[in-house]
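# Observations on the three-dimensional arrangement
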Amino acid sequence: MMLIPCPWCGPRNETEFHYGGQADVPYPAEPQELSDVEWARFLFYRANPKGLFSERWNHQAGCRRWFTVRRDTTTNEIFQDDSHEAVTR
Amino acid sequence: MTGEYRLAEGGRINRDRPVRFRFDGHEYEGFDGDTLASALLANGVHQVGTSIRYGRPRGIASAGPEEPNALVQIEEPFPEPMLTATTVALHDGLVASSLPGQGRLATDPDPARYDAINAHCDVLVVGAGPAGLAAALSAARSGARVIIADSDTEFGGSLLGSDEELDHAPAGRWIDRVTAELRATPEVTVLPRTTVFGCYDDNYLVAVEHRGEDTFTRQRTWHVRAREVVLATGSHERPLVFPGNDRPGTMLAGSARTYVHRYGVLPGHRAVAFTTNDSAYAAAVDLHDAGVEIAAVVDVRPVATTLWTARCVERGIQILTNCAVTGTSGTDRVSGAQISPVPSGDSAPTVASELDCDLLLVSGGWNPAVHLHSQARGTVRYSEEICALVPDRATRGVRTVGAAAGTFTTGECLRTGSEAGSAAARATGFDADPAEVPSSPSGPVTPPQPTWLLPGLSADSDHDQFVDLARDATVADVRKAVGAGMSSVEHIKRFTTIGTAHDQGKTSGLLSSGVIAELLGVEVAQVGATTFRPPYAPVAFAALAGRDRGDLYDPIRVTAMHDWHLAQQCPFENVGQWKRPWYYPRPGEDMDSAVLRECHAVRTGVGMQDVSTLGKIDVQGPDAAEFLDLVYTNKMSTLKVGRIRYGLMCHADGMVFDDGTVMRTDEHRYLISTTSGGAAGVLEWLEDWLQTEWPHLRVHLTSVTEHWATIALAGPRSRDVLARVTSDIDLAADAFPFMSWTDGTVAGRAARVCRISFSGELAFEINVPWWHGREVWDALYEAGSDLDITPYGTETMHVLRAEKGFPIVGQDTDGTVTPHDLGMSWAVSKKKDDFLGMRSFSRADTVRSDRKHLVGLLPPADSAVVPEGTQLVELSELPEPPVPMLGHITSSYRSAALDRPFALALVKSGRDRIGQTVYGHVGDRLVPVEITEPVFYDKEGNRRDG
């Protein structure tokens, strides 16, 4: 049960959140200008790294805020911004 | 009660409180403070059941949760399968029976109550032996919020099973003093009989508290979030592998010592101790002093330590060094042990002597209980020094001390525990110094001699050299696995099942690694050990469920009119968490006849339905129109105030995921509806786009589902009924056109009335504040009584909409269906620059001509309804597999209006096949079905204005 830092509500139990997948995959500015391959890259291709990963979470059972955290996928430690200091606990 | 096996005095049992219990049909007596195992031993009962594979008699082998053998089924007071007799606290009225390795579920429901509790603390100490108590004391004195939990009924850990002294007084005094201080400290929670069984991310630990059989709540699950954790979970003694090592009467040496000191029980009268280390000597000496004859201490080491040699000589206990037990005899209980000099090389051992005994003590060293450390993702390493796994790298905020860290002298356990407790408290911001600890006379512990397999034994003896007693797995099984080419301990575990029983390999895990290492000719460190996973000890499902069972399993959402529906005794359909009336049977009606009647009423007269469960989201802000244009496939900015439009929502991949109506209530305000089950998901999804992609849009979203109770009034007579309860709304078709809304008064209450129809008939949706829902429902029902107004449920709604070809998202779609596949291109704007899903409509895959289309199906008029999910095939006879599938039926009903069965289906190139016959595969038959347009009834839409 991870402790996830909501920017509004502070650290809360993982069960209050919904996972939102990889962060920083912006909706293309001009989707109609993209080739099928480029559009498919936006739709379907996501990173799945072992180690640090920027990902989105939604505090669904709380304030409904969407936000980004960096998590080490091997340890579930969560880091803030560019720091290597874990924020939870 | 003192007898042959119960000492006249001593032990921590309460001799003033005898306890009667039954085991395997016999009446016995024990004392308060006994476990079931200690009470059985006190009555001379060693054998508890038979083994799972070979049916061999098995006895009590330990005194704690590591017990591999003594599984019992509890019959009374509450039925529970597969508990270890060594952890069942004895109480009056206990009825238990032995088990051949496998439990049986009770047929009666468990009437006991189970609870859950959440807790937060600065420092959680797991284990209340010398290290845990010292840690808790240091942390508690700093003012930190401390929880200390221990599986046992009383604190003290290993001290309870010995006669050790602390500060030159019995250790019990120190335990009592520390426990009393902890109990008296306001910020400390003291939890005996509480097993911490799981250690999860970010120091989230879960424990089960056994509160006793006569308490209000039998067991309670603790969910603890701790800032710092001190693990003082102790260690488990390891048995030894030798032929016949499973006979009842074979017991871990330390456990025998516990039975003497803690329970005043003699586990036998004449014992042989077989050991690789010092701890069996302590057991032999203590048992001797308590009156057990010690036939010999058999030590595989060439030389015994001076200290223990001296103590044995004092007592006349024979020590046989460089010797091993290479066989046992006896039927239901061990009666003798064969002793051989430890063979060198491959030469077979020669039995030098056979010693009579009724108790065989074994000790192969001690395994630190690294389970929780490892569950928390700490790493372990094999220590050559203690021949066991010890914690290596710890996760942040987790400290392991005492025997769990491989520290085996009481003095060191106390010192390191005290330091860990203060360090943990300091890490959470408290000014903590290590508490002073008492002096302990216990000397240094000499390391065991690594002994996994006795050399020189013939392969025949493999079959009764047991590695995992609980699984009846032997050296022969391991040899077979290794012979098959396996070298990974994880593979061998799964092949042999070693370590997979209720005890999860507490005694057998590392032992099997050692045996594997010997067979492979490698170091134990290279073999390693299998992963430690929660739960540390078995947990009853009832304890995990707590009160979240039955009606409390999941939240139940009901509408304002729910009591009325209940009074009609209608069955309910679960839609998400909502309870929706399914149909309203009249006396004697089944579902089919009720639904036909309800459908007929709506098509010819008037019906009413509670549609309050539809999701409703209030969308407000200057950019609301722009926002909705981006998330719906059609254009909502052109919708005029007062009007309503149907809308489809697609994900960016172009697949439909929800639909509903959009009502413009003001220039900058819309009320949108969603499917009943999809409301939360739609809101989350809208928030996602608003917050992360278009934060510049000034829009706010509010869920208002439960603000409005909504009643659908449908049928050609619906206008007549509504007219009777409203005077300020002009209901004429031209004044109040289809797909518009108006505010007015209905049955004396402010209402928002919409002309929306999901049946194709003239229909009104009346929205009133939730509080007035029941009242307005009653008024409408009353107003329509002379017209036989008919309440209808979700089934009738589904039939009526299917007759009109209206899809249900999630039933007729499955996340792979575009608006065009549904034949709803009319709901996709061609005038917008972009909206979610738009780009995907021109992907190569979405423009394929053989995509599945939503079409209608007509089975023969006199046939039965073809089941939903039926696969459709091309030919009237099945070809050889693989049979190409054309699609499947998504909705299928009998139509009252058409007087025949009909269906909707997703069919490859379906719209190009209209008029063709395909076949539905039902059971072993193929039913011909004709493909049609999806609209079966009132294709022209003439009925919507009445």
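Residues numbered from 1 in each chain as written. Chains lettered and ligands numbered in written order. Predicted model: local features only at pLDDT ≥ 70, side-chain atom pairs only at ≥ 80, totals over all residues. Heavy atoms only, no water.

### Remarks on the nonpolar core
Residue and element names in this part refer to chain B. Ranked by internal contacts, the top residues of the largest apolar core, which has 50 residues, are Phe21, Leu36, Leu40 and Ile60. Not counting the four nearest positions on each side in its chain, Leu36 is found in contact with Phe21, Val72, Ala85, Val88, Leu90, Leu94 and Ala96. Counting residues in each nonpolar core, the second largest holds 41 residues, with Ala594, Cys650, Ala714 and Leu822 among its members. (Core = buried A, V, L, I, M, F, W, Y, C linked by side-chain atoms within 4.5 Å. Buried < 20%, exposed > 50% of the residue type's maximum accessible area, 1.4 Å probe, protein only. Contact = heavy atoms within 4.5 Å.)

### A few points about the interface of chain A and chain B
Across the boundary between the two partners, chain A contributes 31 residues, which contact 34 residues of chain B. At the boundary of chain A and chain B, one finds four salt bridges. Between A:Glu77 and B:Arg396 there is a salt bridge, and its shortest N-O distance comes to 3.4 Å. If you look at where chain A meets chain B, you find 24 residue pairs in polar contact (both at pLDDT 80 or more). Going through the elements one at a time, α1 (36-44) and β4 (52-58) of chain A are the ones with two or more residues in the side of chain A that touches chain B. A total of five residues in the side of chain A that touches chain B trace back to one element, the largest contributor, which is α1(A). Classifying every residue of the side of chain A that touches chain B by side-chain character gives 14 nonpolar, ten polar and seven charged. (Salt bridge = Lys/Arg side-chain N within 4 Å of Asp/Glu carboxyl O. Polar contact = N/O pair within 3.5 Å; in protein donor to acceptor, adjacent residues only side chain to side chain. Helix = DSSP H or I, 4+ residues; strand = E, 2+ residues; numbered from the N terminus. Nonpolar A, V, L, I, M, F, W, Y, C, P; charged D, E, K, R; others polar.)

### A word on helix α10 (residues 489-496) of chain B
Residue and element names in this part refer to chain B. Considered for burial, the residues of α10 that qualify are Val489, Ile492, Lys493 and Thr496. Down the axis of α10, the buried set is contained in an arc of 105°. They therefore lie on one face. Where α10 is buried, its residues touch β30 (473-474), α9 (475-483), α11 (509-520) and α12 (524-527). Measuring from the side-chain oxygen of the N-cap residue of α10 to the backbone nitrogen of Glu490 gives 3.1 Å; that N-cap residue is Ser488. After α10 finishes, the residue Thr497 shows a positive phi value of roughly 65°. (Arc of directions from axis to C-beta.)

### A short note on the sheet that holds strand β20 (residues 319-321) of chain B
Residue and element names in this part refer to chain B. One open sheet holds the five strands; their spatial order is β17-β24-β18-β19-β20, and the pairing between them is parallel. The open sheet has two edge strands with one neighbour each: β17 (250-252) and β20. For this sheet, the mean angle separating the axes of adjacent strands, direction not counted, is 20°. Judged from the six bridges that link them, strand β18 (residues 270-275) and strand β19 (residues 293-299) form a sheet pairing that is parallel. Within the sheet, the bridge partner assigned to Ala273 lies in β19 and is Val297. Across the sheet, helix α4 (residues 253-263) touches β17 and β24 (359-363), and the angle it forms with β17 is around 85°. Of the strands in this sheet, β18, β19, β20 and β24 touch helix α5 (residues 279-290), which is tilted by about 170° from β19. (Pairing = 2+ DSSP bridges. Axes fitted to C-alpha atoms, helices over the stretch in contact; angles between N-to-C directions.)

### Re the packing of helix α2 (residues 130-141) of chain B against helix α3 (residues 171-184) of chain B
Residues and elements named next belong to chain B. Running from amino to carboxyl end, α2 crosses α3 at an angle of 35°, the nearest separation of the two axes being 10 Å. For the pair α2 and α3, the sense of crossing is left-handed. Across the interface between the two elements, Pro130, Leu133, Ala134, Ala136, Leu137, Ala140 and Arg141 of α2 pack against Trp174, Ile175, Val178, Thr179, Glu181 and Leu182 of α3. In terms of residue class, the contact of α2 with α3 is made up of ten nonpolar, one polar and two charged. (Left-handed = near helix turned anticlockwise from the far one by under 90°.)

### Details of the sheet that holds strand β6 (residues 78-79) of chain A
Within the open sheet, the four strands sit side by side as β3-β4-β5-β6 (chain A). Their pairing is antiparallel. With partners counted over all chains shown, the strands left at the sheet margins are β3 (18-22) and β6 of chain A, one partner each. Of the strand pairs in this sheet, β4(A) and strand β5 (residues 66-72) of chain A are connected by seven bridges, and their pairing is antiparallel. Within β5(A), the residue paired with A:Arg56 across the bridge is A:Thr68. Helix α17 (residues 679-693) of chain B rests against β3, β4 and β5 of chain A of the sheet, and its axis sits at about 85° to β5(A).

### Comments concerning the side chain of B:His91
Residues and elements named next belong to chain B. In this fold, His91 is placed in the loop between β6 (80-84) and β7 (94-98). Look at His91 and you get buried, because its relative accessible area is 18%. Once residues lying within four places of it in the same chain are set aside, the contact partners of His91 are Val19, Arg20, Pro77 and Glu213.

### Looking at helix α20 (residues 794-803) of chain B
Working note: α-helix, 3.6 residues per turn, so residues spaced by three or four point in the same direction. Summarising burial for α20(B): ten of the ten residues are buried, a large majority. Those residues of α20(B) that fall on the buried side of the exposure criterion are B:Thr794, B:Glu795, B:Thr796, B:Met797, B:His798, B:Val799, B:Leu800, B:Arg801, B:Ala802 and B:Glu803.

### Description of the packing of aromatic side chains
In total, this model carries 28 aromatic pairs over all chains according to the counting rule given. Measuring from ring centre to ring centre gives 6.3 Å for B:Trp578 and B:Trp770, while their planes differ by 40°; the resulting arrangement is tilted. Residue B:Trp578 is located in strand β32 (residues 578-581), and its partner B:Trp770 is located in the loop between β42 (763-769) and α19 (773-783); the two are separated by 192 residues in the primary sequence. Classification of B:Trp578 by relative accessible area gives buried; the value is 1%. By way of ring pairs, the aromatic residues A:Tyr27, A:Trp39, A:Phe42, B:Phe627, B:Phe657, B:Trp685, B:Trp689 and B:Trp694 are connected into one cluster. Above the face of the A:Tyr45 ring, A:Arg41 is positioned so that its terminal group lies 4.4 Å from the ring centre. Of note, A:Arg46 hangs over the ring of A:Phe42, and the distance from its end group to the ring centre comes to 5.9 Å. (Phe/Tyr/Trp six-rings, centres within 6.5 Å; stacked < 30°, edge-to-face > 60°. Lys NZ or Arg CZ within 6 Å of the ring centre and 35° of its normal.)

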